Structure formats: C-alpha cells, structure tokens
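So you can see what is in the structure, the chains are spelled out below.
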Amino acid sequence: MCDPNIMSAFLQECRIGVAEEPHVFIIMGASGDLSKKKIFPTIWWLRRDGLLPDKTVVLGYARSKITPETMVSNSLAYMKVKDSEKPLLEEFKKSLHYVSGSYDALDDFKQLDKEITRLAGPCAVRIFYLALPPTVYKSVTSNIRHGCAGSNGANRLRVIVEKPFGHDLTSSNDLSTHLSSLFQEEQIYRIDHYLGKEMVQNLLVMRFGNRIFTPLWNRENIQAVTISFKEPFGTEGRGGYFDNYGIIRDVAQNHLMQVLSLVAMEKPASSDAEDIRNEKVKVLKCIQPITLDHAVLGQYVGNPQGEGEAKLGYLDDPTVPKNSLTPTFALLALFVKNERWDGVPFIIRCGKALNERKAEIRLQFRDVPGDIFEGDAKRNELVIRVQPNEAVYLKLNTKHPGQSFKPTETELDLTYGNRFKVSPRTTPDRRSVCRT
C-alpha cells in the first residue's frame, strides 16, 4: 500500500506498541547524504512537534567513525533550528547514539544488537531505515534478521527500504524475494519520499475535492501534461554513484511516474492507501512502452564562461568513466491508452545542471473552439509548483484595461507562503511509505 503519512504515522501503523514503550530508530548509512539532508532533519522536526513516541532512541550506523555530535553538525544547516528551539535541540541530542561497523560482517551487527539492548532493552520496537545503495541491501537485511532481531525475534522489527529498489525488473524481483525470505510483508516498507511532498499530496485534494475540475480532467479538454524536475547543479563529486543509474532511474521511473499516476488515475474508492495504490496501478498498466521517437537523452557539458562547478561537464567528474553514455537529462513522452487520456502526451522532463531548480506539474488545456480574438487568446494552464515556493496557479485570459478587447494572459495565484501561516517547508518532511 502507499501511505502518504508522516513517519510518526508509520510508527502507529506498526501497531506493535504504545507511546510509553521504547522505540529505536536505526539509520543505516547515517553518514551519507540522504541521512544528512533528509532523514535526520525529519526526525528532528517530528521530535520538535511532539510526533514521536516519548521513549524514542535514534541510533546511527555506518562505516565512518563519527560521533552523534557529528551527525547533528552535519545536518544542522538542513534542520532549520530556531533560537527558541535550541533548548529542545539539546534535549534531542541526548537521545542520539552512533555505532560504527561494516555492512557485511555479522559480528558488527551483533555488537549493534547489544547497543540497542543497552539503550532500550531487548523488547523495544526496532525500525531500520536503509539509507544505503541497493548493492548492500541483501547483506544488510540478512545481518539485521540474524544479528539484530532482539529477544522477541523479528515480530517487533520493521525495515524501511529507500529507492532505488534494484536497477531493473529482474533485480527488483530478486530483492523482493530476498526480503520476503527474511521478513513478513507487514514488516517491509518501501519508500518513495517524493510522495511526501506537500504539493504532490495536494493533487488528491485538488482533483477529487473540487467539482470545477471533474468535467475538465480528460482528453476532451487537456492538450498535454508536462511534469518537470530540474536541478541547477551537477553530480558534485557523486558521479560514480550516479553513473550506475542515470537520470531516468534516479527520478523519472520512480518520483515522476508516481506523480503521473496521481494526475492520471481515476477516483479511488476512498482515501485509504490501498485504494489509491489500486488506481495508480491501473494507470501504469495502460501506459504504452516508450519508443525512441518519443525520447530525448543528453549529458550536460561545462560552460567555459561559468564559475566553479559550472565549468565542469559530466565527463569532467573524476569518478565518472570517460566513455560514459549515462544520461543526465531525459525528455520522455508517455501515452496512457485508456478512455480518459487516449492521445494526450504526458511529457516527463528531468535533468541536472540546468538553468534553475524547479519541479512542477503543468496541465495545458486545448484551444478555445471558435476563437473570436484572432489567436491572441492563449491556452489556459493549471500549474502545480512542487518546489521551490510551493504554489498552485491557473493561467487564463482576461481583458486588458482600456478600450480594446485584446486578451491578456494573467494568473489566479495561490502561493502557499503567502496564503498559509505554516509553509510546507517548515513542517516535517513526509516520508511516504509504499507496501506492495
């Protein structure tokens, strides 16, 4: 199922304890980029807002020999701690611990098990978050099952798996089989954190909570749907990792396909996760295979006039093979062959080292039939800006003030930062959970 709740709701979903019981949240790969920028700040926000069980211990595990203080200092820039919250941060630091060890040595995991038992007892709820490359998933999960299950076995243990979940269908199926041999399905959570973004979740409410959109959301009225994901920076020294996946596996086939399915799916029977998942699957089954005629791929090159990293192209990264053909940019046209969307292109475009940072969903409506304004009336567009500066705006034509009837394009603008006192960027990053 796909559950768009915050991580605290994930703890409730487990139904294996109450708030008074000890919980241990173990971040596997605690020294990595994902932990630093996303996971650790999210845990802090949940603690700040009182959304974690009282007896929650956060334990980092990685090969690097660092300290809990280092974990905090590495993430501080992303935690957005206000001056008034600094006393609470000091209390939060007391719940942080760190263990250094290998990912393939069972003895190291047995030492981790001893530390968990020392901190929270043998019966604590144990939640392992795998912020790791998929190449070590098998060894890590085997060692968790056989070395860190606790005295009650694995029934109070949960494993959260970050994307990418394998690199193709065969490896994904192989990993699923491996996990199923170690854990019950109810213990396995597959994460696509992009589903936790405020504006992605808002798609459900906008589509199915507003009568105005119901008759318009179809092939008769919509010309095209464009889903964009643009980053202004390159691989920044992580090219060796990125080169194994490329931009399609990195964001297109997971994050952006999830967004596409939310835009295109039929109304679910309810807002429950499983009903939403079922409708999304129906959409994905209707998508035709992509042909080369409907794809544009590329790599970014350096700008001789740029400064710093801007001068470097993808192949200038010393960690990238010199003959690499891995794409850093992709534009793909997909077609959903069903009654609602037949013939409407869903254009996915994503890339690194582009001109701006932006993620948005843009629905372009068809031309007005019987145009009386000699082509001056532009097509209406509904734009949902995911990041930065979350917003929803509708582009429409209105009369320009004065004596003429010349249409002028303008916008009905709902910018979240202006409308709501609490911006999505100051609330906990929702890590969306998928159990399939």
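Residues numbered from 1 in each chain as written. Predicted model: local features only at pLDDT ≥ 70, side-chain atom pairs only at ≥ 80, totals over all residues. Heavy atoms only, no water.

### Some points on the nonpolar core
Membership of the largest hydrophobic core comes to 56 residues, with the highest contact counts inside it found for Ile26, Met28, Leu112, Phe128, Leu130 and Val140. Considering each element in turn, this core owes the most residues, 6 residues, to helix H2 (residues 33–48). Residue contacts for phenylalanine 128: discarding those within four places in its chain leaves Ile26, Met28, Leu112, Ile116, Ile144, Cys148, Leu157, Arg158, Val159 and Ile160. Residues Phe242, Leu256, Met265 and Val386 belong to the second largest nonpolar core, which totals 48 residues. (Core = buried A, V, L, I, M, F, W, Y, C linked by side-chain atoms within 4.5 Å. Buried < 20%, exposed > 50% of the residue type's maximum accessible area, 1.4 Å probe, protein only. Helix = DSSP H or I, 4+ residues; strand = E, 2+ residues; numbered from the N terminus. Contact = heavy atoms within 4.5 Å.)

### Notes on unusual backbone geometry
The omega angle of the peptide bond from glutamine 387 to proline 388 is -15 degrees, so this bond is cis rather than trans. For proline 388, the location among the structural elements is in the loop between strand E13 (381–387) and strand E14 (391–399). Unusually for a residue other than glycine, asparagine 389 sits at a positive phi of about 55 degrees. Locating asparagine 389 in the fold gives a position in the loop between E13 and E14.

### A short note on helix H6 (residues 137–147)
Turning to H6, its buried residues are Tyr137, Val140, Thr141, Ser142, Asn143, Ile144 and Gly147. Residues of H6 that are buried sit in contact with strand E2 (23–28), helix H5 (106–120), strand E5 (125–130), strand E6 (157–162) and helix H7 (169–182).

### Some thoughts on a nonpolar patch on the surface
On the surface, Ile372, Phe373 and Phe405 cluster together into a nonpolar patch covering about 370 Å² of accessible area. Take phenylalanine 405: it is sitting in the loop between E14 and strand E15 (407–415). (Patch = residues over 30% accessible without salt bridge, like charges linked within 9 Å, V, L, I, M, F, W, Y side chains within 5 Å. Areas by Shrake-Rupley, 256 points an atom, 1.4 Å probe, with all protein chains shown as cover. Salt bridge = Lys/Arg side-chain N within 4 Å of Asp/Glu carboxyl O.)

### Quick notes on the pairing of strand E10 (residues 329–335)
Both strand E9 (residues 295–298) and E10 contribute to a ladder of 4 bridges, which runs antiparallel. Pairing of leucine 297 across the sheet is with alanine 330, part of E10. For E10 and strand E11 (residues 345–351), the ladder comprises 7 bridges, and the chain directions are antiparallel. If you follow alanine 333 over to E11, its bridge partner there is isoleucine 347. (Pairing = 2+ DSSP bridges.)

### Quick word on the side chain of glutamate 360
Within the secondary structure, glutamate 360 sits in strand E12 (residues 358–365). Assessed through its relative accessible area of 2%, glutamate 360 is described here as buried. Of note is the side chain of glutamate 360, whose polar atom sits 2.9 Å from the side chain of arginine 362. If we skip the residues at most four places from it in the chain, glutamate 360 touches Thr226, Ile227, Ser228, Val383, Ile384, Arg385, Val386 and Tyr393. (Polar contact = N/O pair within 3.5 Å; in protein donor to acceptor, adjacent residues only side chain to side chain.)

### Thoughts on the pattern of salt bridges
Counted according to the given criterion, the structure contains 24 salt bridges. Arginine 340 is paired through a salt bridge with glutamate 266; the nearest N and O atoms lie 2.7 Å apart. With a gap of 74 residues between them, arginine 340 in the loop between E10 and E11 and glutamate 266 in the loop between helix H10 (246–264) and helix H11 (273–286) connect regions that are remote in the sequence. Look at glutamate 266 and you get partly exposed, because its relative accessible area is 32%. Overlapping salt bridges, with partners in common, bring together Lys230, Glu356, Lys358, Glu360, Arg362, Glu381, Lys395 and Glu409 in one network.

### Here's the deal with the side chain of histidine 255
If you trace the backbone, histidine 255 turns up in helix H10. For histidine 255, a relative accessible area of 4% puts it in the buried group. Only 3.5 Å separates the side chain of histidine 255 from the side chain of asparagine 254, close enough to count as a polar contact.

### Description of the pairing of E14
The pairing of E13 with E14 spans 5 bridges and is classified as antiparallel. Of the residues in E14, the one forming a bridge with leucine 382 is leucine 394. Between E13 and E14, which pair antiparallel one after the other, the connecting turn spans 3 residues, and asparagine 389 there sits at a positive phi close to 55 degrees.

### Quick notes on H11
With 14 residues, H11 should reach 20 Å at 1.5 Å per residue; the first-to-last C-alpha distance of 21 Å fits that figure. For H11, the full list of buried residues reads Ala273, Ile276, Arg277, Glu279, Lys280 and Val283. Buried residues of H11 fall within an arc of 165 degrees about the axis and therefore sit on the same side. (Expected span 1.5 Å × (residues − 1). Arc of directions from axis to C-beta.)

### Side note on the confidence of the model for the chain
For the chain, the average pLDDT comes to 85, and 91% of its residues sit at 70 or higher. Ignoring residues within four places in sequence, the model shows residues 1–6, a span with pLDDT below 50, making 25 contacts including any to other chains. The model gives residues 8–17 a pLDDT under 50, and that stretch makes 22 contacts with residues more than four places away or in other chains. (pLDDT = per-residue confidence, 0-100.)

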